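So the chains spell out like this:
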Amino acid sequence: MLKSRLLPEAFICFLMALLCAGSAHAQTKTVTGKVIDNKSSPVAGATVQVKGGAGVSTNEAGEFRINVPSTADSLIFSHVEFETRAFALRNRSTFNIALQPKDLGLDAVVVVGYGTQKRRDVTGAIGSVKGEAIRNMPVTDVAGALQGRVAGVEVVKSSGEPGAPSQITIRGVASLSQPQPLYIVDGVRQDGNNINMADVASFDVLKDASAASIYGAAAAGGVIIVTTKKGTGAKPAINFNARYGVTQPRMMELLRRDEFIRFRKMINDPVYGPQNQTDTLPDTDWAKALFDNGTEENYNLSVSGSSPNTNYFVSGLYNNQKGVFRNNESAMYGVRLNTDIKISDHIKIGEQLFVWQRNTNPASAFSINPPFRTIPTMGIYGTTPENPWAKSPPGFAGPNLVAQIETAHRQMIQANLQGNAYAEIKLPLYLTFKTTLGYTYYNEELNYYQEAYSAGPVSVNATNLAKNNASTRSIFSNYVLSFDHVFGKHSVNALAGYEQITGITNGTQVGATSVGGTSYAFLLTSDSRINLANGGYDDNHLIKSLFGRVSYDFDKKYFATFSIRRDGNFQKFGPNNRYGVFPAGSVGWRISDEPFMKQLLPQANLLKLRGSYGVLGNSNIPSYVFLSTFDLVSAQNFAPGVVPVLNYTQQNIPNPNIKWESMYEANVGLDAEFMNGKLYASVDWYDKTTKDMLYNLPIPTSAGMPVSIFITNIGSVRNRGVEIATGYRSNVGELTFNVGVTGAFNKNKVLNLDNINSNAILAGDNNYGSPSFGIWTGQQLASTKAGAPFGQFWGFRATGIYQTDDEWKNHPQQEGKQAKAGDLIFADIDGNNKIDEKDRTVIGSPYPDFVYGITLNLGFKGFDLQALFSGVAGVDIYNAVAPYAMSPFSDGNTTSKVFGASFLGDNGLTSQPRIGEKTQTGFILDPNRNYTWANSYFVENGSYLKLKTLQLGYNLPASVLQKVKMKNARVYVMGYNLFTLTKYNGIDPELGGAVTTRGIDVPYRYPNARIYSLGLDITF
C-alpha cells in the first residue's frame, strides 16, 4: 500500500516541476540589436546586461542576442571607452543603440607634462582634440588639425602651397620674437609640421602658464602634446585608408586682350594708338598659364594589436600634393613603429620610431598672384626651336613668367629620423622611475639649377647651379622619479626630473656659374666659377633642465598643483644670464560635490572652479648674440704683387647681458557638465604680461656693421582675454548629434618699449618682388608703439572723396599739388595745414577681437555628417593688392575694377578714386597719390566665416562586412574650403604674417585652394 501511494505522489510532483519550468520558459523573451558609436561604426565587446541580471557581449559587427526575463524593466549598455546608457524594455524586442565616447566629456584623460590626469582633476587650462576627429581630413600638420577646435588657439593657413605650414598662435601674440608652440610627441620635443595625422591618438594643448610651466623656457608660445597610437585588441587589426582629391585655386581675373587695349587707349598709351594694328596680337591668360587645378592623394596602412604583455602599432604613409601653381608639388613618405613590452609586474620598456622623407618642387620665387607684371598681348612660346620663348613686345619690359618658371629647376629633399626608447621601473614606497632616451637626425638638401634663356629684357645669359645642405643631430635624455599614492581622502602625485638636450648642426652652401648639363650635378666648363657662399658647424648646442611638480587633492574636491623648472641654455645666453627659473601654481575646487551645491543645482554633474599663476620663458633668438662673431670676406691685395689676404668682419654687436624673456600669466577658469554629460562648457579668463621682450634693435649704418644685429631686451606687452568652449551631445532614436562651439576674445597692448624711447617700430611693405619696385615702394605699412597693440596699420587717413574741383580749398593739400574731384581727401593729422609724411597715422588693426569655431557631427544608421566652421571677427586687412587691381602698375596689367575709376573714359564721379587725368601732352597717372600712397581707403573689414570641412560618410552594414570578413568599412566624400562669408574684396581674408606685419595682403601670396575628395577607410 505504501508503495502504491508513493508512486502517484511522485508523479504529481514531477508534473508540477515541468509546469513550473514551462511557466518560467514562457516568461522569458529574446532581445536582439546592434550597438554603434557616434560615427555609426559597430562597437565590438560592449556589454549588454539585464539590470540586476546576466549580460552578453556584442560581436565584431556590434550585434547581440540576449534572453530577458519578463520581470526585467531595462537593459544597460556599457563599454570601457563609451558612456554607459540604460534603456527601458517596454515590450521592445529590438534595440539599435548609439554610445557616446567617454573622451568627449570632462571625464577624459588628458596628457600633461610628463604624465596624465583626468580632466575633472586638471587645474590648468588645457584643450584637447582626439585624433579620430581629423583622421580623414586634408590636413598635414598639427596646426591645421586644431583649427576651430580649441578655444584660444588661432590657426591661420594663408598659403595653399603643398608642404607649407600653418601659423598657430595661442592666447594672442605675446612677443616681438613670438615663438611657435613647443611640440612634444610621445614625450620628446619634435617639429609639428610632418607628423602623420592618421597616427595621432590625441592632441592636448597646454594653454596657460601653470599647465605649461613644467616645460619652462620653451613654453611661452604654448605647448602641444601629441600622443600617437598604440595597439589594442588581441587580434591584429589591419587598417587602410585612402583619399584622392582635386584642388582648385581662387584667382583674380586680369584684363584680357580687348579690355587691356581699350584701357590703354583710355590713358593715351601710344603703343596702342590708332596707327597700330592690335586685332592680331596674342590674347594670353597668364593667370591660367601659371595656375591650374591640382591633385591631392593620401594613403595610410597600419597594423596594430596587443597581448597581455605587449602592444604594437606599425604604420606607413604616402602623401602626394600637386600644387595649383606650375611645376609645384610635394610628396611625403613615412613609417612609424610604436611598441610597449611588459617584462614583469615592475618593469616596462618601449620605443617610438618615426622616419619620413619629403620631396618638394617649391613654388617659383616669381609666383605672383595674380601676375600683374604681365600683359595679354605677349605670347608665351616662340616660333622656332632656337627661340622657344616669346619676347616682350614693345611697351613692355617685364618677364615671360612661364619661361622663368620652366627654366628654373628647384628641388628640396627633407629627411628625418626620430626615435626614442624608454624604461619604466616600479619601486617600493609607491615610487616609479622612468628614463627616456631620444635621437633625432634631420637633413635638408636644396638644389637649384637655372637654365640660360632669352625672352627680351628679362633673360638669363648663363646657367648657374646652387646646392645647399644642412643637417641637425640631437640627443635627448630624460630621467623622472615619480610618487603616486592615495591614503584616505588624500591623494599625492609628485615628480622630479632631469633633462638634457645636446645637438650638432652642420651646413654648406655652394654655387657655380656657366655649368654644363641640365641637372643638379656640378659639370664644370672652362667658363665656370665656383662660389662657396656660406657654411657652418656647431657642436655646442646644450640645454640642461631640472624640474619638479607636486599635485595634491583632498576628498576629490580640493586640488592644488605646484611646479618649477630651471633651464640653462648654453647657446643663447652668456654666463651672466645662462639660467632661468620658471615656477607656477594652481588650485581647483569641485563645487558640484559640495552638499549645498547638490541641493542648489542637482542637474550639475560637474562644476569646478580653478585658478593659476605662473611664469614661462622664451629664447627665440639666434645663437651666440652675447659674443662677438666674425665672418670671412673677400681676399684683397693691399699692395701690387702682394699675395691676397683673407679678411674678416664683425657681424654683430655683442650683448653679454642678454637674458630670458619672461611671460607671467594668471588664469581663472570654470568647468561645467550637465544632464549626465550631454551639455558641457568651459570658460577661462587670463591675463598675461611678457617682460624683457627680445628684439633685434635697428642700429644706424654709421656704426659700420655689415648686418644690423643687436638683440636686446626692450619692453613688455600684455594680453587679456576670455575663452569659451561649449557643446551639446545626445541622440534622438538612432540619430546621434554633437555640436561644439569655441570662441576666444583677446586684447593686446604694448606697455613699453625700453631702449628705443618713444619711437615706433615701423615695418611692412607692398613691394613687387624687389625692395625698389612696387606701387608703395619705400613706405612702411605697420607701426608698433607703446600704448597700442602690435603691428597697427600705418598710412594716411582718407576721409572721403572730393566731389567737386573747388572742394580742395576747404582742405589742406600736398605741397605743390592741387586735388580735383575724384581724388581722396587726406586728413591733416598734425594740424600744420598741409599733407606730408607727418600725417601718417594708425588706420587699422590686424589682430581679431574674436576667434571662433563650430563643429557639427551627425550620425544616422550607417551615415555620418561632419562639418567644421572657423572664423574671426573685429579685424582689419590692409588690402595692398587693391592698388594693383584698380590702377595700372608700371607697364603691366590690372583687373576690370580699373573701369570703375572716377572720370575714366565716360565715367563721372564714382566711389573709386580717379587714376589720373588727360592733358594735352598725354595722361598723368595718379597726380594726387590716391593709389601710390598707402592709405585707409585700402583698409577693409577682414571678418569672415569659412566652411573649412564638410564630409559625408557611409559605413557598410554588418551583413556585408561579415561576408567580406571586415571589421568596418567607410566611404566618404568631402569638401574643404567650400565657401567664405566675408565683406573683404580681396582673394582670401585668412591672413597671417609676422608679429609686426600681420594682415597685409600682398600680390605674391600662394592661393588657398578648394578641395573635393573621395575617401575609403577599411579595417580587417
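Up top is the structure.
Read on for a plain summary of the structure.

What counts and how
- Residues numbered from 1 in each chain as written.
- Predicted model: local features only at pLDDT ≥ 70, side-chain atom pairs only at ≥ 80, totals over all residues.
- Heavy atoms only, no water.
- Helix = DSSP H or I, 4+ residues; strand = E, 2+ residues; numbered from the N terminus.
- Rg over C-alpha atoms; globule rule 2.2 N^0.38 Å.
- Buried < 20%, exposed > 50% of the residue type's maximum accessible area, 1.4 Å probe, protein only.
- Areas by Shrake-Rupley, 256 points an atom, 1.4 Å probe, with all protein chains shown as cover.
- Lys, Arg positive; Asp, Glu negative; His and termini not counted.
- Charge placed at Lys NZ, Arg CZ, Asp CG, Glu CD.
- Pairing = 2+ DSSP bridges.
- Axes fitted to C-alpha atoms, helices over the stretch in contact; angles between N-to-C directions.
- Contact = heavy atoms within 4.5 Å.

### A closer look at the overall build of the protein
Helix and strand counts for the protein come out as nine helices and 55 strands. In summary, the protein has a C-alpha radius of gyration of 34 Å against a globular reference of 31 Å for 1020 residues, a match within 12%. Taken over the C-alpha atoms alone, the protein extends approximately 145 × 65 × 65 Å along its principal axes. Looking at the protein as a whole, 51% of its 1020 residues qualify as buried. Accessible surface, the protein as shown: approximately 45100 Å² in total, 58% of it carbon and sulfur. Taken as two groups, the 91 positive and 83 negative side-chain charges of the protein have centres that lie 7 Å from each other.

### A closer look at the environment of Phe863
Examined against the element boundaries, Phe863 turns out to sit in strand β47 (residues 863-873). With 92 residues separating them along the chain, Phe863 and Asn955 place their C-alpha atoms 6.3 Å apart.

### Examining the pairing of strand β35 (residues 679-691)
Both strand β34 (residues 661-674) and β35 contribute to a ladder of 13 bridges, which runs antiparallel. Bridging from a neighbouring strand, Ala672 pairs with Ala681 of β35. The antiparallel hairpin formed by β34 and β35 contains four residues in its connecting segment, where Met675 sits at a positive phi of about 55°. Note: β35 against strand β38 (residues 715-732), twelve bridges, orientation antiparallel. Across the sheet, residue Ser682 finds its bridge partner in β38, namely Ala725.

### So, the sheet that holds strand β15 (residues 200-206)
Here we have five strands laid out as an open sheet, ordered β10-β15-β16-β13-β14, and mixed in their pairing. Both edges of this open sheet fall to β10 (126-130) and β14 (188-190), since each of them pairs with a single strand only. Strand-to-strand twist across the sheet, computed as the mean angle between neighbouring axes with direction ignored, equals 25°. Here three bridges tie strand β13 (residues 182-185) to β14, and the two strands are oriented antiparallel to one another.

### Focus: the pairing of strand β27 (residues 490-513)
When strand β26 (residues 464-487) meets β27, the two strands line up antiparallel, connected through 24 bridges. Counted as the bridge partner of Val480 is Gly497 from β27.

### A closer look at the environment of Glu329
Within the secondary structure, Glu329 is located in strand β20 (residues 329-342). Taking relative accessible area as the criterion, Glu329 reaches 33% and is therefore assigned partly exposed. It is 6.9 Å that separates the C-alpha atoms of Glu329 and Pro362, two residues lying 33 residues apart in sequence.

### Some thoughts on the environment of Asn268
By the secondary structure assignment, Asn268 is in the loop between α4 (257-266) and α5 (286-290). For Asn268 and Phe923, which are 655 residues apart along the polypeptide, the C-alpha to C-alpha distance reads 6.1 Å. Filtering out sequence-adjacent residues up to four positions away, Asn268 remains in contact with Lys918, Gly922 and Phe923.

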